[in-house]
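Close look at the chain arrangement
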Amino acid sequence: IDFAEEVLGRSANCGDVVVHRSATSYDPVHGVSMVDGRILWRRDLHAELNDRCPGQLSEDALMITRGSLPDVFVVTRDRQVAGCSLDDGAIRWTAPDVTVPYSWPLIEDGRIPIWNGQRFTVIDEATGTILVDRQHPDLAGVFHEKRGSILGDLVVFVSESGHVVAFDLQTGDLRFNKLHK
């Protein structure tokens, strides 16, 4: 592996391990030791996700994000979010039918809050359990949502449509909604 070329733009630094995918194809995904540069594991995660969720075959590239837990990284693509083991790259869980409209989700304190238009979802990072799944019809017209920031019990997001919203992380209640013109 040409480490410098491979890692650019397609990797996540996860402590002592860099998880990355090829610059020229979806698979394989590698775990590489930051200590000595050894390849710790190699997996065809894109193919494994297609096998695991045959109703959601995707040609979208995997986006790799560092988890907040010490032994997890998260991959997203199209309508899927998956938690993977940092030890061997194995898929631990999938949350199908959850779309992350921005490249890398926010992951903090074992939670993955995702805002996609009228839908707000929170996934448990360790298990993939959907903790919150709420629809907010009053957010119709939102487009190009951006990754959020957690502030106490709230997660705040902005969008290119001019929306600034805040959701309660525990209940999914919409606590703030302002459209800037």
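Above this note sits the structure.
Rules used in this analysis
Residues numbered from 1 in each chain as written. Predicted model: local features only at pLDDT ≥ 70, side-chain atom pairs only at ≥ 80, totals over all residues. Heavy atoms only, no water. 1 Å grid on protein atoms, 1.4 Å probe; cavity = no way out; pocket = protein on both sides within 12 Å on 5 of 7 lines; lining within 4 Å. Points joined across faces, edges and corners; volume = space filled by probe spheres on them. Helix = DSSP H or I, 4+ residues; strand = E, 2+ residues; numbered from the N terminus. Salt bridge = Lys/Arg side-chain N within 4 Å of Asp/Glu carboxyl O. Buried < 20%, exposed > 50% of the residue type's maximum accessible area, 1.4 Å probe, protein only. Pairing = 2+ DSSP bridges. Axes fitted to C-alpha atoms, helices over the stretch in contact; angles between N-to-C directions. Contact = heavy atoms within 4.5 Å.

So, on to empty space enclosed by the protein. Under the counting rule described, the total for this entry stands at one cavity of 30 Å³ or more. Estimates place the volume of the largest cavity at around 30 Å³. Around the largest cavity sit Val-98, Thr-99, Ile-114, Asn-116, Arg-119, Phe-120 and Thr-121, which together line it. For the lining of the largest cavity, the secondary-structure elements that each account for two or more residues are strand E9 (111-116) and strand E10 (119-124). With three residues, the top contributor of residues to the lining of the largest cavity is E10.

Below, the discussion takes up the pattern of salt bridges. What the rule picks out here adds up to eight salt bridges. Taking the shortest distance from any N to any O, the salt bridge between Asp-44 and Arg-42 comes out at 3.8 Å. Accessibility expressed as a relative area gives 30% for Asp-44, which makes it partly exposed. In this structure, Glu-48 engages Arg-43 in a salt bridge whose closest nitrogen and oxygen atoms are separated by 3.2 Å. With relative accessibility at 23%, the residue Glu-48 sits in the partly exposed group.

Pairing is antiparallel in the open sheet, where four strands are placed in the order E5-E6-E7-E8. Because the sheet does not close on itself, it has two edges, and the strands there are strand E5 (63-66) and strand E8 (91-96). Sheet twist, expressed as the average angle between the axes of neighbouring strands with direction ignored, equals 20°. In the sheet, E5 pairs with strand E6 (residues 72-77) via four bridges, with the strands oriented antiparallel. If you follow Arg-66 over to E6, its bridge partner there is Phe-73. Helix H2 (residues 45-52) contacts E6, strand E7 (80-85) and E8 of the sheet and is inclined by roughly 60° relative to E8.

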